[in-house]
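Summary of structural features
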Amino acid sequence: MSIFFRYISSLYLKSFFILFFSLTFFFVAIDFLLNFNRLPKSANLELLYIFFLTCSAASYILPLAIVLALVLCIFNMIRSNEFVSLYALGLSKNQVIFYPFLWAMFFCCVYVGLNFSAFAYADEYKSNILKRGVVDREGGEVLIKYNDKFIYIQKTSSQTLYNVKIFDVKNLDIQSTIHAKTAKFDGDSWNLNDAKATNVPQNLIVSKEGLSIEEFKNIKGLEDFSPKILERISLVESNPSYSILDALESMAIFAKQNISTNTLRTSLYSLVLTPFFAPFLMLIVYYYFPLTARFFNLALLAFVFFVCILLVWGLLFLLTRLSENEILLPELGIMLPVFILISIGSFYYFKHK
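Residues numbered from 1 in each chain as written. Predicted model: local features only at pLDDT ≥ 70, side-chain atom pairs only at ≥ 80, totals over all residues. Heavy atoms only, no water.

With respect to the overall build of the chain
In terms of helices and strands, the chain carries 11 helices and 7 strands. For the chain, the proportion of its 353 residues judged to be buried stands at 46%. Within the chain, contacts between residues separated by at least 24 positions form 63% of all contacts whose residues are at least 6 apart in sequence. As displayed, the chain has an accessible area near 18800 Å², and 64% of this comes from carbon and sulfur atoms. (Helix = DSSP H or I, 4+ residues; strand = E, 2+ residues; numbered from the N terminus. Buried < 20%, exposed > 50% of the residue type's maximum accessible area, 1.4 Å probe, protein only. Contact = heavy atoms within 4.5 Å. Areas by Shrake-Rupley, 256 points an atom, 1.4 Å probe, with all protein chains shown as cover.)

Put into structure tokens, the structure is as follows:
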């Protein structure tokens, strides 16, 4: 069987890489031409923009290339009568599709693995270059509740906060405030620099103890307050990016603070589940291929397959956007459609065993 594996794999991989690199080049070229005048006049940033644009294009192009490569590969085999010859040599329908399916699963697993790294932030870095002329992620004003504290931050940059105000609240009464010019994270807590702490007495009585004000060159505060939660909330973009690890960590933080995790779950499902619709859509499409070209108009049939694949991909993309905007629950907009395709594809495969 190794000879069939090498032969079918070579045909499929050839079609896949031709489509993947062609679509990626087309996507990058069009985007670069449209945004060329908006890019900063720096060769380094332009090259970085092209690199990040290429990485971000993979999320759109990879699933399409996986499925369309099968259509291109099989129709070339049908036209040259190689497809029916494989059946004549004793291969079953499942054996022919099994090798491309393995490669498709491999590509999806590689993509999911890359999303554990900074690769997942490529689209965000690309947008930063286009909007602000920098790669670093930077956030604007934010007011957030953390445990019994309300925290106002004027600006965030990497792991540094600027003009931080911390209000310690109990039963809707302010107990104390801390105002620091900058704060830096040391792994466990934040070092508040040039800080001024104001303590409010529990019982304010005229002529009795009043406000207590202290100034510090450096004090520690906000223990276990991870920078991840700031990155998620304070970023300028309306739909910030997440890596898989950051999404899981942020979900734990958000759940603890009773903050909605819809956006996080949408990003997590998009990174982990969405790519796998392609291999199982391959299975569904494959079982409708004709054996020979004698009784079919291959050009028309190929057009129908391409349109159906694009419609399914477009529908999943639309449901993902609806989930991101919290119109649909991510479990309904992303998880359910993918599991439906997985179930149908598995049904077709085991039906032809």
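Here's the deal with unusual backbone geometry
Unusually for a residue other than glycine, Asn 163 sits at a positive phi of about 50°. Along the chain, Asn 163 falls in strand β4 (residues 160-170). In this structure, Asp 194 takes a positive phi of about 50° despite not being glycine. Examined against the element boundaries, Asp 194 turns out to sit in strand β6 (residues 190-199).

Focus on the packing of aromatic side chains
Under the criterion given, the structure shown has 33 aromatic pairs. Each ring, one from Phe 5 and one from Trp 103, has its centre 6.4 Å from the other, and the planes form 15°; the classification is stacked. Taken as a pair, Phe 5 in helix α1 (residues 2-35) and Trp 103 in helix α4 (residues 93-114) lie far apart in primary sequence, 98 residues in all. Given a relative accessible area of 31%, Phe 5 falls into the partly exposed group. Under the relative-accessibility criterion, Trp 103 is labelled partly exposed at 24%. Each ring, one from Trp 313 and one from Phe 317, has its centre 5.8 Å from the other, and the planes form 20°; the classification is stacked. Of the two residues, Trp 313 and Phe 317 are both situated in helix α10 (residues 298-324); the distance of 4 residues between them amounts to about one turn of the helix. When its relative accessible area of 23% is taken as the criterion, Trp 313 is described as partly exposed. For Phe 317, a relative accessible area of 32% puts it in the partly exposed group. Taken together through their ring pairs, the aromatic side chains of Phe 5, Tyr 12, Phe 16, Phe 17, Phe 20, Phe 21, Phe 98, Tyr 99, Trp 103, Phe 106 and Phe 107 make up a single cluster. A cation over an aromatic ring shows up here: Lys 41 above the ring of Phe 36, its NZ or CZ 5.2 Å from the ring centre. (Phe/Tyr/Trp six-rings, centres within 6.5 Å; stacked < 30°, edge-to-face > 60°. Lys NZ or Arg CZ within 6 Å of the ring centre and 35° of its normal.)

Examining a nonpolar patch on the surface
A cluster of nonpolar side chains, Leu 300, Phe 303, Val 304, Val 307 and Leu 311, forms an exposed patch at the surface whose accessible area comes to about 480 Å². Within the element layout of this structure, Val 307 appears in helix α10. (Patch = residues over 30% accessible without salt bridge, like charges linked within 9 Å, V, L, I, M, F, W, Y side chains within 5 Å. Salt bridge = Lys/Arg side-chain N within 4 Å of Asp/Glu carboxyl O.)

Points about the environment of Leu 271
Position of Leu 271 relative to the elements: it lies in helix α8 (residues 262-272). Judged by its relative accessible area of 11%, Leu 271 falls in the buried class. Taking the C-alpha atoms as reference, Leu 271 lies 6.3 Å from Val 112; in sequence the two are 159 residues apart. With residues up to four places along the chain from it excluded, the contact list for Leu 271 reads Tyr 111, Val 112, Asn 115, Tyr 242, Ser 243 and Ile 244.

Quick notes on the packing of α1 against helix α2 (residues 43-79)
The interhelical angle for the contact between α1 and α2, taken along N-to-C directions, is 140°, at an axis separation of 6 Å. Note that α1 runs across α2; the crossing there is right-handed. When grouped by side-chain class, the residues that make up the contact of α1 with α2 number 24 nonpolar, 4 polar and 1 charged. (Axes fitted to C-alpha atoms, helices over the stretch in contact; angles between N-to-C directions. Left-handed = near helix turned anticlockwise from the far one by under 90°. Nonpolar A, V, L, I, M, F, W, Y, C, P; charged D, E, K, R; others polar.)

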